[in-house]
Amino acid sequence: MAATLEVDLVDAVGKVWSGRARQVSAPAADGEIGILAGHTPILSVLRAGEVRVRTEGEGVLSWHVDGGFLSVDSDTVTIVVDALSDSTSSSH
Amino acid sequence: MAGSQRVYKQRIKSTQSLKKMFRAQELIAASRIGKARDRVALASPYSRAITRAVSAVATHSDVTHPFLARRTDTNRVAVLLVASDRGMAGAYSATVIRETERLIEQLRDEGREVDLYVSGRRAVSYYTFRQRELAGRWVGQSDAPQLETAREIADTLLERFGAPADEGGVAEVHVVYTQFVNMVTQRPRVIRLLPLEVVEGVAPAGDGGPLPLYDFEPDPETVLDALLPRYFRARIFASLLQAAASELAARQRAMHTATDNAEDLIRTYTRLANQARQGEITQEISEIVSGADALASAS
């Protein structure tokens with residue numbers, strides 16, 4: 001069992017999702033960024049695109065975001081978004 | 001005598017209908033306040049995350065940004081006043097307006113020109129009645145502010161702050177709102193939002209301890225550029241939400257007091273009406289008795 005990330009996805013009116021995940025990928029300014037446990041601390045601007053969270057239970061959650069930013073700090077990922085739409089989940 | 005009894009009855013009746021109205025307002029405010037407080041609580045993770053990120057950028061790099069720099073090219077400042085759309089909230093609107101007046105006077109003493117932006121119909125009518133000019137106004141949702149309105153207000157103010165001096169740029173942006181402390185205490189607060197003071201404005205966000213050395217993607221300037229407008233918007237939205245919760249709490253308390261006062265009045269008037277009725281009866285009896293006496297002594 002690999003180490004996991006603590007993920008918080010928040011927008012201006014509230015917390016959208018929070019929980020543990022194995023991998024997070026997001027549309028960073030210079031291209032898609034993928035984050036696994038043990039990632040170096042980073043603060044990044046997000047473009048519009050898809051944020052995907054691979055949860056512990058092998059499910060994948062994804063949201064379309066309009067922009068925002070992301071911070072990683074000792075296995076805690078905080079994704080702050082302006083607006084998001086169509087939350088979809090699927091399991092592999 | 002008969003007249004005064006009728007007057008008391010009328011007063012009792014009108015006070016009773018007022019009391020019903022006060023009670024209804026109290027119940028409405030009470031039912032909405034829970035939701036308003038929830039919204040304040042729900043918005044806090046967002047502003048906490050942004051605050052933490054802003055302080056991370058500010059402490060780990062030497063970037064400067066227009067939002068952080070003091071402007072010296074203009075004397076003009078903007079003040080945003082957050083009041084309520086409706087009355088029946090005790091001194092709620094009066095208190096923030098008084099606080100704003102004090103701020104404006106202080107700024108004028110420093111030789112500043114003040115542009116006033118106002119949210120809430122009560123404050124708008126206060127200033128239009130006095131024929132004072134308003135630079136901007138927003139009405140209609142003081143007890144349930146929407147994110148779009150907050151964004152519109154924030155963008156208007158940011159635009160003014162970013163504009164050159166001869167096109168109406170402002171050097172500072174102040175906000176006067178009411179902070180929701182708890183159900184009994186709501187405190188008017190005056191804060192300067194622009195230029196941002198990273199040192200005092202971004203107290204460590206609590207959970208984290210010392211901030212790690214971040215990498216910035218793509219670079220610190222761009223990150224700060226993306227963060228600061230969001231930070232500003234979040235602060236504006238938070239003030240509106242706090243003000244909404246305060247307004248409802250103030251209204252609930254004011255209406256509760258008004259209901260109690262109406263009950264007291266009804267009780268007083270009922271006593272007076274009873275007294276008047278008793279007096280009337282006594283008078284009638286003494287008239288009959290003295291009439292009978294007169295007849296008896298005549299025969």
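Computed from a prediction, not measured in an experiment: that's the story for all the values here.

**Details of empty space enclosed by the protein**
Piece 1. Summed over all chains, the structure comprises three cavities of 30 Å³ or more.
Piece 2. Of the volumes computed, that of the largest cavity is approximately 120 Å³.
Piece 3. Around the largest cavity, the lining is made up of 13 residues, and of these Ala12(A), Tyr46(B), Leu147(B), Arg233(B) and Ala234(B) lie nearest the centre.
Piece 4. Every element with two or more residues in the lining of the largest cavity is listed here: helix H1 (2–60), helix H4 (147–162) and helix H6 (220–298) of chain B.
Piece 5. Here the element with the most residues in the lining of the largest cavity is H6(B); it accounts for five residues.
Piece 6. Residue composition of the lining of the largest cavity, grouped by class: eight nonpolar, one polar and four charged.
Piece 7. There is about 70 Å³ of room inside the second largest cavity.
Piece 8. Lining of the second largest cavity is provided by Asp85(B), Ser119(B), Gly120(B), Trp138(B), Val139(B), Gly140(B), Gln141(B), Ser142(B), Pro145(B), Thr149(B), Ile153(B) and Leu240(B).
Piece 9. Along the lines of polarity and charge, the residues of the lining of the second largest cavity split into five nonpolar, six polar and one charged.

**Let's talk about the pairing of strand E3 (residues 31–35) of chain A**
Residue and element names in this part refer to chain A.
Piece 1. The sheet contact formed by strand E2 (residues 14–28) and E3 spans five bridges and is antiparallel. For Pro-27, the partnering residue across the bridge sits in E3 and is Glu-32.
Piece 2. Where E2 folds back on E3, the antiparallel hairpin that results is connected by two residues.

**Describing the sheet that holds strand E3 (residues 136–138) of chain B**
Residue and element names in this part refer to chain B.
Piece 1. Spatial strand order, E3-E2-E1-E4-E5: five strands in an open sheet with mixed pairing. Single-partner strands in this sheet number two, and they are E3 and strand E5 (186–194). Averaged over all pairs of adjacent strands, the angle between their axes in this sheet comes to 20°, without regard to strand direction.
Piece 2. Sheet topology note: the strand E2 (residues 113–119)/E3 ladder contains three bridges and is parallel. Looking at E3, one finds that Val-118 is bridged to Arg-137.
Piece 3. Its contacts with the sheet put H6 on strand E1 (76–82), E2, strand E4 (172–180) and E5, and the angle it makes with E4 is roughly 35°.

**Concerning the confidence of the model for chain B**
All names here are of chain B.
Piece 1. Chain-level statistics for chain B give a pLDDT mean of 88 and a share of 94% at 70 or above.
Piece 2. Under a pLDDT of 50 for its full length, residues 199–207 has, in the predicted model, nine contacts with residues more than four places off or in other chains.
Piece 3. Interface confidence for the predicted complex, expressed as ipTM, amounts to 0.82; the pTM equals 0.85.

**Some thoughts on unusual backbone geometry**
Piece 1. Here the amide bond leading from Leu194(B) into Pro195(B) is cis, since omega sits at -10°, within 30 degrees of zero.
Piece 2. One can find Pro195(B) in the loop between E5 and helix H5 (198–201).
Piece 3. The backbone of Ser74(A) shows a phi angle near 40°, a positive value even though the residue is not glycine.
Piece 4. Following the sequence through the fold, Ser74(A) ends up in the loop between strand E7 (68–73) and strand E8 (76–81).
Piece 5. When its relative accessible area of 58% is taken as the criterion, Ser74(A) is described as exposed.
Piece 6. You will see that Gln131(B), though not glycine, has its phi angle at about 55°, which is positive.
Piece 7. Among the structural elements, Gln131(B) can be located in the loop between helix H3 (121–129) and E3.

Reading guide: rules and limits
- Position numbers for residues count from 1 along each chain, tracking the sequence in the order it is written.
- Working convention: letters from A go to chains and numbers from 1 go to ligands, in the order in which they are written.
- Only residues with pLDDT of at least 70 are given local features in this predicted model, and only at 80 or more are side-chain atom pairs given and counted; all residues enter the totals for whole chains, interfaces and linings.
- Calculation of side-chain values draws on the structure's entire complement of heavy atoms; hydrogens and water are dropped beforehand.
- Using only the protein atoms, space was sampled on a 1 Å grid; points where a 1.4 Å probe fits but cannot get out form cavities, open sets with protein on both sides within 12 Å along at least five of seven lines form pockets, and lining residues are those with an atom within 4 Å of a point.
- Grid points are joined across faces, edges and corners, and a volume is the space filled by probe spheres set on the points.
- Only DSSP runs of H or I reaching four residues or more are called helices, and only runs of E reaching two or more are called strands; each is numbered from the N terminus.
- In this classification, Asp, Glu, Lys and Arg are treated as charged, Ala, Val, Leu, Ile, Met, Phe, Trp, Tyr, Cys and Pro as nonpolar, and every other residue, Gly included, as polar.
- At least two DSSP bridges between two strands are needed for those strands to be called paired.
- What counts as an axis is a line fitted to C-alpha atoms, over the stretch in contact for a helix, and the angles between N-to-C directions run from 0 to 180 degrees.
- Contacts were defined at the residue level, with two residues in contact if any of their heavy atoms lie within 4.5 Å.
- Known as pLDDT, the predictor's per-residue confidence is scaled from 0 to 100.
- Here's how the labels work: a residue is buried when its accessible area is under 20% of the maximum for its type, exposed when over 50%, partly exposed in between, all with a 1.4 Å probe on protein chains only.

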